[in-house]
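Chain by chain, the residues:
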Amino acid sequence: MGPVVNGVFKKRCSVSMSNSPVSNDSIAPSSPEPEAKRDRSNWILRSLKGPTQFLSFWAAIALPFVHLPLLTQGLGDPDVTLAFFLLLAANVFALYVGHGYKQE
């Protein structure tokens, strides 16, 4: 059984931490404020995702038409070349951001 303490037999029991009845999931957060802020920021991101993808998708379609006049003028002028590459970078960025539009 076990050792005798004050005339009563004490049963030896080994408890593993993995079998503990209390888990970290049952402990409530100290304040609900961080969770509320997280929910609000997630809501803002979800509400901005659709319009941002919409604008980026259509910008990616329209920007190549802006490239045409620059290409017909020629890229000999450094300012025209810089404008061309900036528009090209904007087009690639718009393609990246808008690639998921209407796929959900």
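Small disclaimer: the values here were computed from a predicted structure and weren't measured. (Residues numbered from 1 in each chain as written. Predicted model: local features only at pLDDT ≥ 70, side-chain atom pairs only at ≥ 80, totals over all residues. Heavy atoms only, no water.)

Along its length, the protein chain carries two helices and two strands. Each of the 104 residues in the protein chain was classed as buried or not, and the buried ones make up 12%. Here the analysis covers contacts within the protein chain between residues at least 6 apart in sequence; of these, 51% occur between residues at least 24 apart. (Helix = DSSP H or I, 4+ residues; strand = E, 2+ residues; numbered from the N terminus. Buried < 20%, exposed > 50% of the residue type's maximum accessible area, 1.4 Å probe, protein only. Contact = heavy atoms within 4.5 Å.)

If you trace the backbone, H99 turns up in the segment after α2 (78-98). Taking C-alpha positions, H99 is 7.4 Å from Q53, a pair spaced 46 residues apart along the chain. There is a polar contact of 2.5 Å between the side chain of H99 and the backbone oxygen of Y96. (Polar contact = N/O pair within 3.5 Å; in protein donor to acceptor, adjacent residues only side chain to side chain.)

This paragraph deals with the environment of L71. Its location among the elements puts L71 in helix α1 (residues 33-73). Residue L71 is classed as partly exposed on the basis of its relative accessible area of 44%. Linking L71 and T81, residues ten residues apart in sequence, is a C-alpha distance of 9.1 Å.

The next thing to look at is the packing of aromatic side chains. Applying the stated criterion across every chain yields a total of two aromatic pairs. Between F57 and W58 the ring centres are 5.1 Å apart and the planes differ by 85 degrees, which places this aromatic pair in the edge-to-face class. A residue is classified by how much of its surface remains accessible, and F57, at 30% relative accessible area, is partly exposed. Here the aromatic rings of F84 and F85 are separated by 5.4 Å at their centres, their planes lie at 75 degrees, and the arrangement is edge-to-face. For F84, a relative accessible area of 12% translates into the label buried. The partly exposed category is assigned to F85, whose relative accessible area is 47%. (Phe/Tyr/Trp six-rings, centres within 6.5 Å; stacked < 30°, edge-to-face > 60°.)

What follows is about the side chain of H67. Within the secondary structure, H67 sits in helix α1. Once you skip the residues sitting within four places of it in the chain, H67 turns out to touch F84, L87, L88 and N91.

The end-to-end C-alpha distance of α2 is 30 Å, a good match for the 30 Å that 21 residues give at a rise of 1.5 Å each. Every buried residue of α2 is accounted for by V80, T81, F84, N91, A94 and G98. Burial along α2 is one-sided: seen end-on, the buried residues are contained in an arc of 150 degrees. Looking at α2, the residues exposed on the side facing more than 90 degrees away from the buried face are P78, D79, L82, L86, V92, F93 and Y96. (Expected span 1.5 Å × (residues − 1). Arc of directions from axis to C-beta.)

Here the UniProt feature "transmembrane region" (unreviewed entry) sits at residues 54-74 and 80-98. Taken as a whole, residues 54-74 contains 95% helix and 0% strand, while its terminal C-alpha atoms sit 32 Å from one another. (UniProt positions renumbered as here; feature names shortened; annotations may be inferred.)

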